[in-house]
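The chain contents come next:
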Protein chains: 2
Amino acid sequence: MTVTNRTANVEQWGIFELELQGRAEGNPYLDVEITAQFAYNHRIVEVDGFYDGEGVYRIRFMPDVQGTWRYRTRSNLDALNGAEGTFTCVAPASGNYGPVRVCNTYHFTYADGTPYKQVGTTCYAWTHQGDELEEQTLATLRSAPFNKLRMCIFPKHYLFNENEPALYPFPCLSRGSSTWNFGQILKGEASRGWSFDLGRFDPAFFQHLERRVADLMALGIEADIILFHPYDRWGFAAMDAETDDRFLRYVVARLAAYRNIWWSMANEYDLMKHKTKADWDRYFRIVQERNPYQHPRSIHNCFAFYDHAKPWVTHLSIQRSDLAQTRIWCEQYRKPVVVDECGYEGNIQPSWGNISAEEMVHRFWEGTVNGGYVGHGETFLHPQDILWWAKGGVLRGQSAPRLAFFRRILEDSPAAGLDPIDGVLSLWSGFPCAGQHHDYYLAYFGRHQPEQVMVHVPEGEKYRGEVIDTWGMTVTPLEESIMDDAVVQLQGKPYQALIMRRIY
Amino acid sequence: MTVTNRTANVEQWGIFELELQGRAEGNPYLDVEITAQFAYNHRIVEVDGFYDGEGVYRIRFMPDVQGTWRYRTRSNLDALNGAEGTFTCVAPASGNYGPVRVCNTYHFTYADGTPYKQVGTTCYAWTHQGDELEEQTLATLRSAPFNKLRMCIFPKHYLFNENEPALYPFPCLSRGSSTWNFGQILKGEASRGWSFDLGRFDPAFFQHLERRVADLMALGIEADIILFHPYDRWGFAAMDAETDDRFLRYVVARLAAYRNIWWSMANEYDLMKHKTKADWDRYFRIVQERNPYQHPRSIHNCFAFYDHAKPWVTHLSIQRSDLAQTRIWCEQYRKPVVVDECGYEGNIQPSWGNISAEEMVHRFWEGTVNGGYVGHGETFLHPQDILWWAKGGVLRGQSAPRLAFFRRILEDSPAAGLDPIDGVLSLWSGFPCAGQHHDYYLAYFGRHQPEQVMVHVPEGEKYRGEVIDTWGMTVTPLEESIMDDAVVQLQGKPYQALIMRRIY
């Protein structure tokens, strides 16, 4: 038995990886089962291993407690069965706060208790663009304000997305057309000519994908992995149930140990003509059952919502442009609401891809003050069709710096999150307010331009006010502290916010 | 019998007025009935007269056909009964197109067939401000882009509206407090101290009101007369049914002959705690039955809509800020939709009174491209509380010049009106389009900033394109004509529109 434990000391929420040499003959993807049990004292966690090609099998595990862990493999292949050992889980390195989970009903936290305030962006097909552009995307992300990136596993067939990827998740048997065709997507048809060996995976594809997930992890960015999507010319949107399920288990086995993983069952699931509601329920359950770390799980709509009340949905991943509804969705589902797609800053034809920077930034603030989180994207016409929303590259718009400012404000807000609060802003004013009662209030005035606003802070409490110009990125402290019923002077221009912090 | 026919020759849709001397003793408002029948050939129109104080009774009539009209009065007072005569109705003077009526389901026309494209504004209490300010308001309106003004008969008790009017519709018996009190409005309570002789009217009040209606008529502005409203400290919002009905008949008798009259049963009818649904139905029927000219009739909501499907409602008068809904309301009610209140440009506290100029203008275009008409208002803080929306004065905002530009575009659009049209703008684009099929299309891109848009004009037809900057007020003709499926180049900035006119 050849077992390599590359990682005798593993940081908490890092990746322990076991490499085993086994059989390359036959079809190990179908024939070989391998799992391992990881134990910390009496707690046992079972995880799936996976075949990585050329006779190599791997098991990955993310320990969540510091101390000594034992493990033992199980396999229907003798060469892989019964491998045992231990490793030590040590303190996390700087910048490692653990995986993100839901907390406080509507919000998120890292496992170590650090609040996670989602400021997302979208580069659906960025890992299919080749190293040069992918490295540029990473360089952009390094100084961008985003801490979550939505990205597809499968390549993307869509407007502005006609380039063939270098790799596919499955071995390619024959190649077909690369021409963009919208009718095809609506009908859920694959192009003729393409065929793949769906009984096997291409390890090189997944090794590349993992590298990019790790790159994001190093940047402190959550990878919101989209498992299925309808933008397909290769047939990946119309695989049979057995293939879908094996694909899910393989992806989870490979990726779940990365602490920055989020699972999105699909993008625009309701456009996928070959899937039923029962399919989506099953996918959720497979991911939930195979993934021991309970990374966030969601599903993203085009038109119709999936029933987000189902227990395997951790949070809502919404496509809608009316951010004021966020508050309603929070109340309906009692889960965090992430409006991952509210329109993209850009100038392309479709209305979802040409909102102004002002509007993009406005939607972040509006979603936030209604208790949710929002996602960004950019869709500017480009001579080589390099649109951030799909391929990454560089940011060309004007919203990103404002979202950096927004994120600083957000991270300076209460750890418990911003919950909608009534009665502090005068009902008469008609504006939304969020915060933590008796501690912090954020009011946002959007496209309105009040010169003043009436507030009612709780009796006997005193607050320090700051007027925020969300577009101009300024914070103007108010000279007088705010008590009881007060008329607060604002700046009489659009896109203002007011923060009130309790003076203790 | 003393009968004065001041107007032997009356222009079509002008006012014929008969003045009769009668009894001043007793209470003529309650005791004396006077009507007249006006006949053109075999057609007979019956109208109510009214007592104008000091023994003077008047009958007003708006003839709608040129030629000889006969009349004969009827009264329970001998001195007023049986007065007969004729007058000649002559061609209308320049600028007199007759009263406005509904045409083509969703639109309006003047009686002479000239299209009426509503561009409204709001000065609720402008006739209660004294001559100096009222004259200033008229001077402002002379060069403003508005062709309809919403105005209340009753004085207004509200935020920024504490000044006492010089006159009341009823003789004042005792005076009370003038202090603004919002709770009072919510409860529908009048201030203590005020009392009026509700069995009589004050002719001076109505003479003043009529003069202002005539001033608007001279400026080509429709007077959208609000019959009841809840902003009351005098008790006018809580009169009994008999008084309400007598008030309505008196107002109709005095004002209906002015061709620029529209009737709005109420502003924010749903805030009037003392009225039932049956009351509103009855008011509508009284106005419909007593007014022979069938001026437009509507009722304006705060929150809940009245059932605009009822037959006496000629058009919807809506308060809502989401103008995209206009299309839905059109389809639901199959009547013209006027969003009279979508928010006001300004900087006061309440969210309805502090939208930006950009937003105000945007709402006009959005309502229009969804098949409706929109209203303007301004609410800028002022040291003497002179806010345009209530008191008139001068316009301080930046939307009015853009609405003048908008009105020129609208008046240059098809006489039949702008109806929502699907399929000309690519579905893919997601933008609304309105016009007259095979002749004229208007697309509006709002806060979006597309660089180009795909259109599908009917086969074999050719169109001339113009890109409109609705904020910058420019019209840029496109060099190439538009045929079949075409990608039209836009300017990649917010608040653009595209007009396509058929080339025959």
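Definitions and limits used
- Residues numbered from 1 in each chain as written.
- Chains lettered and ligands numbered in written order.
- Predicted model: local features only at pLDDT ≥ 70, side-chain atom pairs only at ≥ 80, totals over all residues.
- Heavy atoms only, no water.
- Helix = DSSP H or I, 4+ residues; strand = E, 2+ residues; numbered from the N terminus.
- Rg over C-alpha atoms; globule rule 2.2 N^0.38 Å.
- Buried < 20%, exposed > 50% of the residue type's maximum accessible area, 1.4 Å probe, protein only.
- Contact = heavy atoms within 4.5 Å.
- Areas by Shrake-Rupley, 256 points an atom, 1.4 Å probe, with all protein chains shown as cover.
- Lys, Arg positive; Asp, Glu negative; His and termini not counted.
- Charge placed at Lys NZ, Arg CZ, Asp CG, Glu CD.
- Least-squares fit on C-alpha atoms with pLDDT ≥ 70 in both.
- Pairing = 2+ DSSP bridges.
- pLDDT = per-residue confidence, 0-100.
- Phe/Tyr/Trp six-rings, centres within 6.5 Å; stacked < 30°, edge-to-face > 60°.
- Lys NZ or Arg CZ within 6 Å of the ring centre and 35° of its normal.
- Polar contact = N/O pair within 3.5 Å; in protein donor to acceptor, adjacent residues only side chain to side chain.
- Axes fitted to C-alpha atoms, helices over the stretch in contact; angles between N-to-C directions.
- Parallel < 35°, antiparallel > 145°, perpendicular 65-115°, else oblique.
- Left-handed = near helix turned anticlockwise from the far one by under 90°.
- Nonpolar A, V, L, I, M, F, W, Y, C, P; charged D, E, K, R; others polar.
- Arc of directions from axis to C-beta.
- Salt bridge = Lys/Arg side-chain N within 4 Å of Asp/Glu carboxyl O.
- Buried area = accessible area lost by both parts, 1.4 Å probe.

Caption draft 1: Just the overall build of chain A, in detail. Helix and strand counts for chain A stand at 10 helices and 32 strands. Compactness check: chain A gives a C-alpha radius of gyration of 24 Å against a globular reference of 23 Å for 504 residues, within 12% of the reference. The dimensions of chain A, computed from C-alpha atoms along their principal axes, are 75 × 55 × 40 Å. Counting across all 504 residues of chain A, residues that qualify as buried make up 62%. Sequence-distant contacts in chain A: of pairs separated by 6 or more residues, those separated by 24 or more amount to 69%. Carbon and sulfur atoms make up 48% of the accessible area of chain A, which amounts to about 18400 Å² in all. Here chain A contributes 49 positive and 62 negative side-chain charges, whose respective centroids are spaced 3 Å apart.

Caption draft 2: Broad picture of unusual backbone geometry. The phi angle at M473(A) is positive, at roughly 60 degrees, despite the residue not being glycine. Looking at the element boundaries, M473(A) is found in the loop between β28 (462–469) and β29 (474–477). One non-glycine residue, F160(B), adopts positive backbone phi at about 70 degrees. Considering the arrangement of structural elements, one finds F160(B) in the loop between β13 (148–152) and β14 (172–174).

Caption draft 3: Inspection of the relation of the copies chain B and chain A at higher detail. For the pair chain B and chain A, the best superposition has an RMSD of 0.0 Å and corresponds to a rotation of 180 degrees with a translation of 0.0 Å parallel to the axis. Put plainly, the chains are arranged around a two-fold axis. Relative to the rotation axis, the closest C-alpha in chain B is found at D322(B), a distance of 5.2 Å. Take the interface residues of chain B: 100% of them recur as interface residues in chain A, which is what a same-surface contact looks like.

Caption draft 4: Representation of the sheet that holds strand β9 (residues 100–103) of chain B within the structure. Residue and element names in this part refer to chain B. Across the sheet, which stays open at both edges, the 3 strands sit in the order β9-β10-β11 with antiparallel pairing between neighbours. At either end of the open sheet lies a strand with only one pairing partner, and these are β9 and β11 (115–116). Where strand β10 (residues 107–110) and β11 come together, 2 bridges link them in antiparallel fashion. Looking at β11, one finds that F108 is bridged to Y116.

Caption draft 5: Main features of the confidence of the model for chain A. Looking at chain A, pLDDT values average 95 and 99% of them are 70 or higher. Predicted complex metrics record ipTM = 0.86 and pTM = 0.92.

Caption draft 6: Spotlight on the sheet that holds strand β11 (residues 115–116) of chain A. Residues and elements named next belong to chain A. In spatial order, the strands read β9-β10-β11; together these 3 strands make up an open sheet with antiparallel pairing. Unpaired on one side and paired on the other, β9 (100–103) and β11 mark the two borders of the sheet. Bridge analysis of β9 against strand β10 (residues 107–110) gives 4 bridges, and the strand direction is antiparallel. Paired with C103 across the strands is H107, a residue of β10.

Caption draft 7: View of the packing of aromatic side chains. By the definition in use, this model includes 113 aromatic pairs over all chains. Taking the centre distance of 6.1 Å and the plane angle of 50 degrees together, the rings of F61(B) and Y293(B) count as tilted. Taken as a pair, F61(B) in strand β6 (residues 56–61) and Y293(B) in the loop between α6 (277–290) and β18 (297–298) lie far apart in primary sequence, 232 residues in all. Neither F61(B) nor Y293(B) differs from the other in exposure class; each is buried. Positioned above the aromatic ring of F228(A) is the side chain of K275(A), whose terminal nitrogen or guanidinium carbon lies 5.2 Å from the ring centre. The ring of Y231(B) has K156(B) lying over it, and the distance from NZ or CZ to the ring centre is 5.6 Å.

Caption draft 8: Up close: the side chain of E461(B). Residue and element names in this part refer to chain B. Along the chain, E461 falls in the loop between β27 (452–456) and β28 (462–469). Overall, the relative accessible area of 9% leaves E461 in the buried class. Side chain to side chain, E461 and Y463 meet in a polar contact 2.6 Å long. Sequence-distant contacts of E461, that is, excluding residues within four places in its chain, are made with H438, I482, M483, D484 and R502.

Caption draft 9: Broad picture of the pairing of strand β7 (residues 67–75) of chain A. All names here are of chain A. When strand β4 (residues 34–40) meets β7, the two strands line up antiparallel, connected through 6 bridges. In the strand pairing of β7, I34 is matched with S75. Taken together, the 6 bridges between β7 and strand β8 (residues 84–90) define a ladder with antiparallel strand orientation. If you follow G67 over to β8, its bridge partner there is C89.

Caption draft 10: View of the packing of helix α4 (residues 203–218) of chain A against helix α5 (residues 241–255) of chain A. Residues and elements named next belong to chain A. Viewed as axis vectors pointing N to C, α4 and α5 meet at an angle of 45 degrees, and their least axial separation amounts to 11 Å. The angle between α4 and α5 falls in the class oblique. Where α4 crosses over α5, the two elements pack in a sense that is right-handed. The segment α4 lies against α5, with P203, F206, Q207, L209, E210 and V213 engaging F247, Y250, V251, R254 and L255. Each residue belonging to the contact of α4 with α5 can be placed in one class, and the counts come to 8 nonpolar, 1 polar and 2 charged.

Caption draft 11: Structural context of helix α7 (residues 326–333) of chain A. All names here are of chain A. Burial in α7 covers these residues: T326, W329, C330 and Y333. Taken around the axis of α7, the buried residues stretch over an arc of 105 degrees, which confines them to a single face. Buried residues in α7 make contact with β19 (316–319), β20 (337–341) and α8 (357–369). Positive backbone phi, approximately 55 degrees, marks R334, located one or two places after α7.

Caption draft 12: Looking closely at the pattern of salt bridges. Across all of its chains, the model carries 74 salt bridges over all chains by this definition. The closest approach of N and O atoms between R447(B) and E359(A), which form a salt bridge, is 3.9 Å. Note that R447(B) is positioned in the loop between β26 (440–444) and β27 and E359(A) in helix α8, a pairing that runs across two chains. The buried category is assigned to R447(B), whose relative accessible area is 16%. Members of the salt-bridge network, linked through shared partners, are E17(A), E19(A), D52(A), R58(A), R60(A), E210(A) and R254(A).

Caption draft 13: The packing of helix α5 (residues 241–255) of chain B against α6(B), seen in detail. All names here are of chain B. Two elements in contact, α5 and α6, have axes whose closest approach is 10 Å; the angle formed by their N-to-C orientations is 30 degrees. Classed by the angle they form, the pair α5 and α6 counts as roughly parallel. Where α5 crosses over α6, the handedness of that crossing is right-handed. Residue-level contacts link A241, D244, D245, L248, R249 and V252 of α5 to R282, Y283, I286, V287 and R290 of α6.

Caption draft 14: Region of interest: the interface of chain B and chain A. Each side of the interface is counted separately: chain B has 33 residues, and chain A has 33 residues. Buried surface at the junction of chain B and chain A, summed over both partners, amounts to about 2600 Å²; 55% is from carbon and sulfur atoms. At the junction of chain B and chain A, the tally comes to 2 salt bridges. For the interface between chain B and chain A, the tally reads 18 residue pairs in polar contact (both at pLDDT 80 or more). Grouping the amino acids of the side of chain B that touches chain A by side-chain chemistry returns 17 nonpolar, 11 polar and 5 charged.

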